[in-house]
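# Understanding the architecture of this molecule
Next come the chains, spelled out residue by residue.
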Amino acid sequence: MASKSISNPLRGITFQLSRATISHNAIAKTTTTHLTRSLTTTTSSPPSSLLSTYPSANLTTSTTPTPLRPTPSPIGPQTILTTLHSFPTLEPLRLHPYPSSHLYLPTRRDILHRAIIYEGDRTRSGTASTKWRSEIHGSKRKLRPQKGTGMARLGSRGSPMLKGGGVAFGPKPRDFSTKLPRKIYDLAWRTALSYRYRKGELVIIDGEMEFEDPSPRYAAELFATHGWGHEDGRSLLLTGVEKAARPNLYAAMEGAGEHGRVLTVQEVDVKDLLECGRVVVERAALEWILEEHQSDLVKTRRVAGLE
Amino acid sequence: MRRIRPSQQSIDSLSLSTRHAHSRLSSPLCYACQFHSSALAKSRHPSSLPVAAFSTSSARLHRGTGGKEPFTEKLRKKIWGTDDVPGRVDPYSHDSPMRVTAEERRELAEQGRKRAKEERRLARGEESFSADELTEVTAGAQELAKKGRSTARRVVEENEWWESLGKRKEYEPAHTWDGLERVGGKAWVDEFKDWKRGRVVFEQGYLPLTKITDSTELKRSLHRALVEVFTLQQAGLDMTIASVPGEIQARPGWMDRVKIGPSNDNASAAVIFQDPAHKSELLDSLIRRFEQQDDPERSLEERVATEEDYENGAAEELYEEVAAEASEAEALKDLAHESQQSIAELREDLGAVREAMTARGLNMTAEEPNLASEKSRKGDETTASPSDVEANQQKKSTKKQEDSWAKDWKTISLEDPNVKFAVVKRVMQLTGHRIPDIVIQECKTVGRLFDRISERPKPKKLIEAIQPSAKFKELANVKIYNRRVTPVDKEKEVGRWKVIEYALRERGLPVVGHE
């Protein structure tokens, strides 16, 4: 079973390759026009001059000695390299590989959009509330007789028609959250990070991201030096631990909001990842996110009621 | 506070008091303008300030209120809780013992002069002086002692102040700034940079603050990085020691003449030094820089020196620990030494070859046999006549490019992640450009890396994007502005703006925007 799942993309390649060889044979047989189009777009046909010079030679060949083609683009590299930096000097320390299924995904705007809508719905507080006529404080007594006064019919003083009465069809507290399959949401997380990686806006810090000083001026200087600040579209700093473990960082960033914001991995969501000019993330935080959001890649059996 | 009625507090009293205070002034000006240079200095004395005339201190108030107890006095009584209030109402008033009277001052000044005269005389060697003078001096000294040492010191200081004032009378205003003391400026700012409420200042990260944008300079930086990294690789050293954090050393002049190109197997690069001494020099400087940054030797000595007080055993243990740390650096040194030896051997070989070649009437530059692109040309050279070779060399000298880059330099492989990282890190350090991960990931060859780092950054404004193109310059009906063309600009263009502005001002209306 496992071999079947692995061979799926490979089957695609072999299929493509066989198509390609078929088309080559077809060219060799016709030998008249260059109009024949290969089914694959990436392969290059053998030089036509050779074919026209030696048509018979090609006609008789049963097997084409085609060299092994490079890996087709749909598969691409299995791992990609990221640079780990020191903090705060941002010296590149070493290269670190990550699977391309985690940080090198194609940018899918539709998936990012769905994730953001999902998050937006989920974060709506939905606390708007009005009183219906029955909830209005006061007596429910009929104000005047139904008939005979020459005036309009009127029931209780809580009628929506009267001033101080209830609200007809008014808002009531409710849950606005919508649903999104977990696998899609997890794909959105990795797509967001991959987008950052592809744009060169993902800075990974090896170790702790902590300032030497809690002053916002220090933060502003640091941001200006690295080109992270207000001028360069602000930055999101992501820490893997709670706020108390990075007191200077959080204290400084509280006063340097125009240059960026700092969040813990528990607080951040897909929209945050896409908002600022770049994401500066502790390696531990990045790996936590990647590990948490890979449900579409790993097989896990979730038992109801257990995490 | 009590308000002083105008009738009691006439401006005349002010004028009188100030006139009295500045009676020595040659030209009393109007009341407001009495503050010219020397007068201003004198009037700093609080009691002589015109403001003092308006003082609400009890002495003045007492005069004005005709024997009635002033408010401040009542307040002081309340504060002290007794009718017999100690201290003075105004400790700085004229009659306060805190002050020295004018007579006393004169007296003291005279004494100072006498003392100075005495000193001069002593300096001249005259020890004898008249009895009168002696008594005078001793009397003055006794008087001073009576007043207490602190008072004396203060009085002397004040004397000096007055004397300095006298000197300052010869003040002449400067008409040019030549020779004047300078305050402020960039140097001053740098000097006082630490004055930032005692906090930590972040000044520089790993990268230099200025980025190199010139394409030629970028190429030279890339060349330098490649030469350094591949030389280290061939010497079997850690390639990242080229890019340890620290000050960037100046580029050696011979670096332009170091040729680099892909190696035979295309997996690495071949570096050809014109003079093999340059190779050892380069390795030497790189290793020295690395040691300076880490400095395990120095720390070893220091730490052992400081631990001398400890027991012998402990000190030995410590020494061993530190030595283990330093062993890595030593290993590096050994490697460097080995490489130098091999270089020396190579040099000898080359010398022998060169001699043989000169014997055959050929000129040869130091070339390594494993350079792929050079192979064919080298074969030509050996068969070519000497004059052709000379012509070739002249061409070489005219083109620096050819000196530093072999033909297929763009195909030098960066597939090895260690090499790639070392090169990229050094390029970052030399150029100031941060190379993003995606570029590092996608650059398989040096040529691709160069293309990516020399890419023009995306323009931030439209004008930056369209200005280089000559397309718009030819069009007569198109003008390019570097900002939005406002209605004011349009009015200015037809010369109507001055009229509009005048009309607006005449009516008292805001010229631009609203108030």
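What you see is a predicted model; the values in this text were computed from it and never measured.

How each quantity is defined
Residues numbered from 1 in each chain as written. Chains lettered and ligands numbered in written order. Predicted model: local features only at pLDDT ≥ 70, side-chain atom pairs only at ≥ 80, totals over all residues. Heavy atoms only, no water. Helix = DSSP H or I, 4+ residues; strand = E, 2+ residues; numbered from the N terminus. Buried < 20%, exposed > 50% of the residue type's maximum accessible area, 1.4 Å probe, protein only. Contact = heavy atoms within 4.5 Å. Axes fitted to C-alpha atoms, helices over the stretch in contact; angles between N-to-C directions. Parallel < 35°, antiparallel > 145°, perpendicular 65-115°, else oblique. Nonpolar A, V, L, I, M, F, W, Y, C, P; charged D, E, K, R; others polar. Pairing = 2+ DSSP bridges. Buried area = accessible area lost by both parts, 1.4 Å probe. Salt bridge = Lys/Arg side-chain N within 4 Å of Asp/Glu carboxyl O. Polar contact = N/O pair within 3.5 Å; in protein donor to acceptor, adjacent residues only side chain to side chain. Expected span 1.5 Å × (residues − 1).

The next point concerns the side chain of B:Ser221. Residue and element names in this part refer to chain B. Position of Ser221 relative to the elements: it lies in helix 10 (residues 215–234). Take Ser221: its relative accessible area is 7%, and that puts it in the buried class. Excluding its chain neighbours within four sequence positions, the residues that come into contact with Ser221 are Ile212, Leu430 and Thr431.

So, on to unusual backbone geometry. All names here are of chain A. With an omega of 5°, the peptide bond between Phe87 and Pro88 qualifies as cis. On the secondary structure map, Pro88 appears in the loop between strand 1 (79–85) and strand 2 (92–99). Positive phi outside glycine occurs at Arg234, with the angle close to 60°. Residue position: Arg234 is located in the loop between helix 7 (216–226) and strand 4 (235–239).

Turning our eyes to something else, we now look at the packing of helix 7 of chain A against helix 8 (residues 247–255) of chain A. Residues and elements named next belong to chain A. One can describe the packing of helix 7 onto helix 8 by two numbers: an axis separation of 7 Å at closest approach and a directional angle of 85°. It follows that helix 7 is roughly perpendicular to helix 8 by the angle criterion. Where helix 7 abuts helix 8, its residues Pro216, Ala219 and Phe223 lie against Ala252, Met253 and Gly255. Taken together, the residues of the contact of helix 7 with helix 8 break down into five nonpolar, one polar and no charged.

Before going further, it helps to examine the sheet that holds strand 1 of chain A. All names here are of chain A. Pairing is mixed in the open sheet, where six strands are placed in the order 2-1-3-6-4-5. Edge positions in the sheet fall to strand 2 and strand 5 (260–264), since each has one partner strand and no second. Taken pair by pair, the neighbouring strands of this sheet meet at an average axis angle of 30°, ignoring direction.

With that settled, the discussion passes to the interface of chain A and chain B. Size of an interface: often given as the accessible area lost when the parts come together. Every contact between the two is made by 31 residues of chain A and, on the other side, 25 residues of chain B. Both sides together, the interface formed by chain A and chain B hides about 2300 Å², and carbon and sulfur atoms give 57% of it. At the boundary of chain A with chain B, the tally comes to one salt bridge. Joining chain A to chain B, the criterion identifies nine residue pairs in polar contact (both at pLDDT 80 or more). Elements that contribute at least two residues to the side of chain A that touches chain B include exactly strand 1, strand 2, helix 6 (182–198) and helix 7 of chain A.

Right, let's get into helix 10 of chain B. In a regular helix each residue adds 1.5 Å, so 20 residues correspond to 28 Å; helix 10 of chain B covers 28 Å between its end C-alpha atoms and thus fits that length. The buried count for helix 10 of chain B comes to 14 of 20 residues, which makes it a mostly enclosed element.

With that out of the way, let us pick up the pattern of salt bridges. A full pass over the atoms with the stated rule returns 32 salt bridges over all chains. The salt bridge involving A:Arg190 is made with A:Asp296; its shortest N-O contact spans 2.3 Å. Residue A:Arg190 is located in helix 6, and its partner A:Asp296 is located in the segment after helix 10 (283–292); the two are separated by 106 residues in the primary sequence. The buried category is assigned to A:Arg190, whose relative accessible area is 1%. As a salt-bridge pair, B:Arg426 and B:Glu228 come within 2.6 Å of each other at their nearest N and O atoms. Separated by 198 residues along the polypeptide, B:Arg426 in helix 17 (residues 417–431) and B:Glu228 in helix 10 bring together distant segments of the chain. Counted as one network, the salt bridges with shared partners bring together A:Arg94, A:Asp206, A:Arg283 and A:Glu287.

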